[in-house]
Amino acid sequence: MERSYVMLKPDACERKLIGRIISRIEDKGYKITNMKMMYLNEKILREHYAHLVDKPFFPNLVEFMTSGPVVGMIVEGEDVIKGIRILMGPTNWYEALPGTIRGDFANTTTCNLIHGSDSVESAEIEIKRFFGNA
Ligand code: IDP
Ligand code: MG
């Protein structure tokens, strides 16, 4: 069964939206097989967001992602990687349609509530990064 690494970002925790977001994932039929709340540091964020370290907004991203706890999850299901990305909506809040998590709850590009892996390869790397050999 395909697996995705999903992470509820500090804004989801601060705004007390984690239950509602998790419900959307479960309502879609996906199974959460591992979950933990944790605090990230810059070192792990430089790995997780390696494709963005040279962007001008990267320091803001680190500040945001270390501003509070995150909830990391392993989510399983058929084509779950694509399915979670559809539930999330696109990165930019103004492109995310109502009905998606970002479309319903986010109004900035940095604070957009949720991460979901973008490919099978990155899902397995991210699961290893945050859960070891789960
Ligand atoms: P994704 O989260 O939809 O996969 P990525 O391009 O992988 O999008 O970017 C990771 C995260 O970095 C985004 O979710 C968002 O929090 C932040 N980010 C991406 N692009 C921008 C930007 O142009 N301005 C500010 N923050 C950004
Ligand atoms: Mg991404």
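First, a word on what this report is: a plain description of the structure on this page. (Residues numbered from 1 in each chain as written. Chains lettered and ligands numbered in written order. Predicted model: local features only at pLDDT ≥ 70, side-chain atom pairs only at ≥ 80, totals over all residues. Heavy atoms only, no water.)

### So, the site of ligand 1
Part 1 of the reasoning: Taken together, Lys 9, Tyr 49, His 51, Leu 52, Phe 57, Leu 61, Arg 85, Thr 91, Arg 102, Thr 109, Thr 110 and Asn 112 make up the full set of residues near ligand 1.
Part 2 of the reasoning: Between ligand 1 and Arg 85 there is a distance of 2.8 Å, counted from an oxygen atom to a side-chain nitrogen or oxygen.
Part 3 of the reasoning: For ligand 1, an oxygen atom lies 2.8 Å from a polar atom in the backbone of Thr 110.
Part 4 of the reasoning: Coverage of ligand 1 by the protein amounts to 79% of the 520 Å² it exposes when considered alone.
Part 5 of the reasoning: Taken together, the residues of the shell around ligand 1 break down into 4 nonpolar, 5 polar and 3 charged. (Near = heavy atom within 4 Å. Polar contact = N/O pair within 3.5 Å; in protein donor to acceptor, adjacent residues only side chain to side chain. Areas by Shrake-Rupley, 256 points an atom, 1.4 Å probe, with all protein chains shown as cover. Nonpolar A, V, L, I, M, F, W, Y, C, P; charged D, E, K, R; others polar.)

### Brief notes about the environment of Gly 132
Part 1 of the reasoning: Among the secondary structure elements, Gly 132 is positioned in the segment after helix H7 (120-131).
Part 2 of the reasoning: Distance from Gly 132 to Gly 68, taken between C-alpha atoms, is 22 Å for residues 64 residues apart in sequence. (Helix = DSSP H or I, 4+ residues; strand = E, 2+ residues; numbered from the N terminus.)

### A few points about the sheet that holds strand E2 (residues 31-38)
Part 1 of the reasoning: The strand order across the open sheet formed by 4 strands is E2-E3-E1-E4, and the pairing between neighbours is antiparallel. Only two strands of the sheet have a single neighbouring strand rather than two, namely E2 and strand E4 (114-116). Within the sheet, the average angular offset between the axes of one strand and its neighbour, ignoring direction, is 15°.
Part 2 of the reasoning: Relative to strand E3 (residues 70-76), E2 runs antiparallel, the two sharing 7 bridges. What sits directly across from Met 38, in E3, is Val 70. (Pairing = 2+ DSSP bridges. Axes fitted to C-alpha atoms, helices over the stretch in contact; angles between N-to-C directions.)

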